[in-house]
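Listed below are the residues making up each chain.
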Amino acid sequence: QVQLVESGGGVVQPGRSLRLSCAASGFTFSSYALHWVRQAPGKGLEWVAVIPDGGTNTYYAGSVKGRFTISRDTSKNTLYLQMNSLRAEDTAVYYCARDYGDYAGPDYWGQGTLVTVSS
Amino acid sequence: QSALTQPRSVSGSPGQSVTISCTGTSSDVGHYDYVSWYQQHPGKAPKLMIYDVNKRPSGVPDRFSGSKSGNTASLTISGLQAEDEADYYCCSYAGSYTLVFGGGTKLTVL
């Protein structure tokens, strides 16, 4: 069965960096685009970034563009999110999710990892 | 990209039907037939309930249905059950490989 397991969350000071990982299994990793979606405490879902199956181009929400980098390692079946220059408003549960086709949206989601940006 | 507009809350009694609306623009909901709906119980990850406006993934009860008219998509849940109580989010493709979510709707089963 499809499994996505995020890791790497924690407490980090404003301005610092953090890298999230998402280990995938149960499907052909190289055949799917993958998303990061976040949810601030008590708030709604916010799309963050997507990387196509080939991994050649990447796309970001305006709120994170220039600060966050999405990448993937097919040899490890792992998705990453490098987060730099973190701000308090980046505090959220970060979910990785598999795209169901044509970049139209996620079907399977991980359980999420909490990132708290605080001094 | 502004979030899609959903009602903050809806409610219904067991057995009744409820409809949750999701209003976007001609650049997202109105332009693409790529609207999906997610159910989220407290502390859990979202679950895909509807994709491509009106398609149900395997395992999702046929009590859940989706539709779209113009810039507004809708999720209808018929025969409400207690376990349907959750937050529901719509999502639309917005072009240039980007997605936009709605603000979420809390469904209360009375």
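Predicted model only: the values in this text are computed from it and were never measured.

### A closer look at the overall build of chain B
- From N to C terminus, chain B includes zero helices and nine strands.
- Its C-alpha atoms put chain B at 40 × 25 × 25 Å along the principal axes.
- Looking at the 110 residues of chain B, the share that counts as buried comes to 46%.
- The long-range fraction of contacts in chain B, counting pairs at least 24 apart against all pairs at least 6 apart in sequence, stands at 56%.
- Counting 8 positive and 8 negative side-chain charges, chain B places the averaged centre of each group 2 Å from the other.

### Remarks on the state of the cysteines
All names here are of chain B.
- Within the structure shown, the criterion is met by two disulfides over all chains.
- Here Cys 22 engages in a disulfide with Cys 90; their sulfurs sit 2.1 Å apart. The disulfide joining Cys 22 to Cys 90 has a torsion of about 80 degrees about its S-S bond and is therefore right-handed. Taken together, the residues span a long stretch of sequence, with Cys 22 in strand β2 (residues 18-23) and Cys 90 in strand β7 (residues 86-93) at a distance of 68 residues. For the pair formed by Cys 22 and Cys 90, the shared burial category is buried.

### Some points on unusual backbone geometry
- Not every positive phi belongs to a glycine, and Asp102(A) is a case in point at roughly 60 degrees.
- Along the chain, Asp102(A) turns up in the loop between β9 (92-99) and β10 (106-109).
- Even without being glycine, Asp52(B) reaches a positive phi, approximately 50 degrees.
- Relative to the helices and strands, Asp52(B) resides in the loop between β4 (47-50) and β5 (64-69).
- When its relative accessible area of 16% is taken as the criterion, Asp52(B) is described as buried.

### Observations regarding the environment of Arg72(A)
All names here are of chain A.
- On the secondary structure map, Arg 72 appears in strand β7 (residues 68-73).
- Linking Arg 72 and Thr 56, residues 16 residues apart in sequence, is a C-alpha distance of 9.9 Å.
- When neighbours within four sequence positions are excluded, Arg 72 is seen to be in contact with Phe 29, Ser 30, Tyr 32, Ala 33, Leu 34, Ile 51, Pro 52, Asp 53, Gly 55, Thr 78, Leu 79 and Tyr 80.
- Within the structure, the side chain of Arg 72 is placed 2.6 Å from the backbone oxygen of Phe 29, a separation counted as a polar contact.

### Describing the side chain of Ser74(B)
- As for its placement among the helices and strands, Ser74(B) is situated in strand β6 (residues 72-77).
- In this view, Ser74(B) contacts Thr19(B), Ile20(B), Ser21(B), Trp37(B), Ser65(B), Gly66(B) and Ser67(B); residues no more than four positions away in its chain are not counted.

### Comments concerning the interface of chain B and chain A
- With 19 residues of chain B at the interface, the matching set in chain A holds 21 residues.
- Here chain B meets chain A over a buried area of about 1,700 Å², counting both sides, of which 66% is carbon and sulfur.
- Where chain B touches chain A, the interface holds zero salt bridges.
- At the boundary of chain B with chain A, the tally comes to seven residue pairs in polar contact (both at pLDDT 80 or more).
- Breaking the side of chain B that touches chain A down by element, the ones donating at least two residues are β3 (35-40), β7 and β8 (99-101) of chain B.
- Top contributing element to the side of chain B that touches chain A by residue count: β3(B), with three residues.
- Here the residues of the side of chain B that touches chain A sort into eleven nonpolar, six polar and two charged.

About the thresholds
Residues numbered from 1 in each chain as written. Chains lettered and ligands numbered in written order. Predicted model: local features only at pLDDT ≥ 70, side-chain atom pairs only at ≥ 80, totals over all residues. Heavy atoms only, no water. Helix = DSSP H or I, 4+ residues; strand = E, 2+ residues; numbered from the N terminus. Buried < 20%, exposed > 50% of the residue type's maximum accessible area, 1.4 Å probe, protein only. Contact = heavy atoms within 4.5 Å. Lys, Arg positive; Asp, Glu negative; His and termini not counted. Charge placed at Lys NZ, Arg CZ, Asp CG, Glu CD. Disulfide = S-S within 2.5 Å. Polar contact = N/O pair within 3.5 Å; in protein donor to acceptor, adjacent residues only side chain to side chain. Buried area = accessible area lost by both parts, 1.4 Å probe. Salt bridge = Lys/Arg side-chain N within 4 Å of Asp/Glu carboxyl O. Nonpolar A, V, L, I, M, F, W, Y, C, P; charged D, E, K, R; others polar.

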